[in-house]
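What follows is each chain in one-letter form.
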Amino acid sequence: MATVRGVACLLVAVICLSCAAAAAARSPVARVHRHLKRLNKPAVKSIESPDGDIIDCVHISHQPAFDHPFLKNHTIQMRPNYHPDGLYDDSKSEAISSTGGERPMVQLWHQGGWCPEGTVPIRRTKRDDLLRASSMRRYGRKRHTAANPLSVDPNLLNEGGHQHAIAYVQGDKYYGAKATINVWAPKIEQPNEFSLSQLWILGGSFGEDLNSIEAGWQVSPDLYGDNNTRLFTYWTSDAYQATGCYNILCAGFVQINSEIAMGASIFPISSYSGSQYDISIMIWKDPKEGNWWMQFGKDYVLGYWPSFLFSYLGDSASMIEWGGEVVNSQLDGVHTSTQMGSGHFPEEGFSKASYFKNIQVVDSTNNLKAPKGVGTFTEQSNCYDVQNGNNVDWGTYFYYGGPGRSSNCQ
């Protein structure tokens, strides 16, 4: 009898330990740990940035893209088959000019060193990054759609509290786009708000099947934990519902470059009535493989979004947008004071208002050309505005942005 009692007690103890272990595995702490392990791949080398970021140099074949089941046996395409011919001199649009034969310092982490060849630099996700998110499932994802300048419904224009000041083209087949973007550090009022300046490559409708590839700079305290201006990308194939993410926070974008880190701080940035700094971004479709490639500046081909990620963009884009976007959370029913661009209106002009210049599209012959029929769009021009133009030096350009809340913007 004693033996039976002892066995029963032992079984109860084992069951209790199993239950405790299962409960621990389901705990928030354990879930955060597992998610961090999925995001942060083993590093060959780690570099500490002056802004507190850790940049992990990860072997190119171990990056997050290869978590995608379709990429398990994927052969990395180390260079595009085709590259669009340019209309303008890229040397005019570098963020930093290089002197003395040294490599230009375009991201803050470069002050701490560089990643070796055969690796890709990945900003390490920290525990606090996950805890700031509304949920781990939504970490690194947007909650809204792109600007629809063709909508006539004012309720849809302000859907999700996002406001824009953009230039756009539509009505043709587009195979890429390029722009030189003035870089600033707009002030953000609420931690859950952001301000960005980017280009959008769009296909499909603005319903539930929108395909979008996006790249530019952003300030997002919620995503990064600070107010630094950072290089970013985004993609979705279902209007931001279940697919896609910022940077390389999910399987998708395949990076090949060892020098530029997605989500890392851009350095330096423009100042009001002072020095102006720009970045150049180009995204284009490789007509042979069908992948969408991204280039940063003149020297950095960063990588590509594989064609199988998309439906409509498997063929071409139907709309290109360039410009700014902010989140307006309307705390206590008043408009946010989160700035767009430099935080100043377009009419203030150079060194005061932010701009996009030399905006171009890639046509069906894989050539860059000036866009035709450029339209502009903003939901509330008294909060954020846009003014476009054209000249010999800047090609097609526009100034954009604004301060948000003011006596004219409530």
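My aim in this report is to walk through the structure given alongside it, one point at a time.

Conventions we followed
Residues numbered from 1 in each chain as written. Predicted model: local features only at pLDDT ≥ 70, side-chain atom pairs only at ≥ 80, totals over all residues. Heavy atoms only, no water. 1 Å grid on protein atoms, 1.4 Å probe; cavity = no way out; pocket = protein on both sides within 12 Å on 5 of 7 lines; lining within 4 Å. Points joined across faces, edges and corners; volume = space filled by probe spheres on them. Helix = DSSP H or I, 4+ residues; strand = E, 2+ residues; numbered from the N terminus. Nonpolar A, V, L, I, M, F, W, Y, C, P; charged D, E, K, R; others polar. Disulfide = S-S within 2.5 Å. Buried < 20%, exposed > 50% of the residue type's maximum accessible area, 1.4 Å probe, protein only. Pairing = 2+ DSSP bridges. Axes fitted to C-alpha atoms, helices over the stretch in contact; angles between N-to-C directions.

**Notes on empty space enclosed by the protein**
So, step 1. Scanning the entire structure with this criterion turns up 4 cavities of 30 Å³ or more.
So, step 2. Volume-wise, the largest cavity comes out at about 120 Å³.
So, step 3. What lines the largest cavity is a set of 13 residues, among which Arg123, Thr125, Asn247, Leu249 and Met262 lie closest to the centre.
So, step 4. Breaking the lining of the largest cavity down by element, the ones donating at least two residues are β3 (119–123) and α5 (221–224).
So, step 5. When grouped by side-chain class, the residues that make up the lining of the largest cavity number 9 nonpolar, 3 polar and 1 charged.

**A closer look at the state of the cysteines**
So, step 1. Under the definition given, this model contains 3 disulfides.
So, step 2. Here Cys57 engages in a disulfide with Cys115; their sulfurs sit 2.0 Å apart. Residues Cys57 and Cys115 share a disulfide whose torsion about the S-S bond is about -80 degrees; that sign makes it left-handed. Taken together, the positions of Cys57 in strand β2 (residues 54–59) and Cys115 in the loop between β2 and β3 put the pair 58 residues apart, joining distant regions of the chain. The same class applies to Cys57 as to Cys115, namely buried.
So, step 3. Through a disulfide, Cys245 is tied to Cys250; the S-S separation comes to 2.2 Å. Between Cys245 and Cys250, the disulfide has an S-S torsion of -85 degrees and is therefore left-handed. For the pair shown, Cys245 and Cys250 are each scored as buried.
So, step 4. When the bonded cysteines of the protein chain are numbered from the N-terminus onward, they pair as 1-2, 3-4, 5-6.

**So, the sheet that holds β2**
Two modes of strand pairing occur in sheets, parallel and antiparallel, and in both the strands are linked by backbone hydrogen bonds.
So, step 1. With antiparallel pairing, 3 strands are arranged side by side in an open sheet as β1-β2-β3. Strands at the two margins of the open sheet, each flanked by one partner only, are β1 (45–48) and β3. Shown here is a sheet whose adjacent strand axes are inclined to one another by a mean of 25 degrees, direction ignored.
So, step 2. Note that β2 and β3 share 5 bridges and pair antiparallel. Bridging across to β3, Ile55 finds its partner in Arg123.

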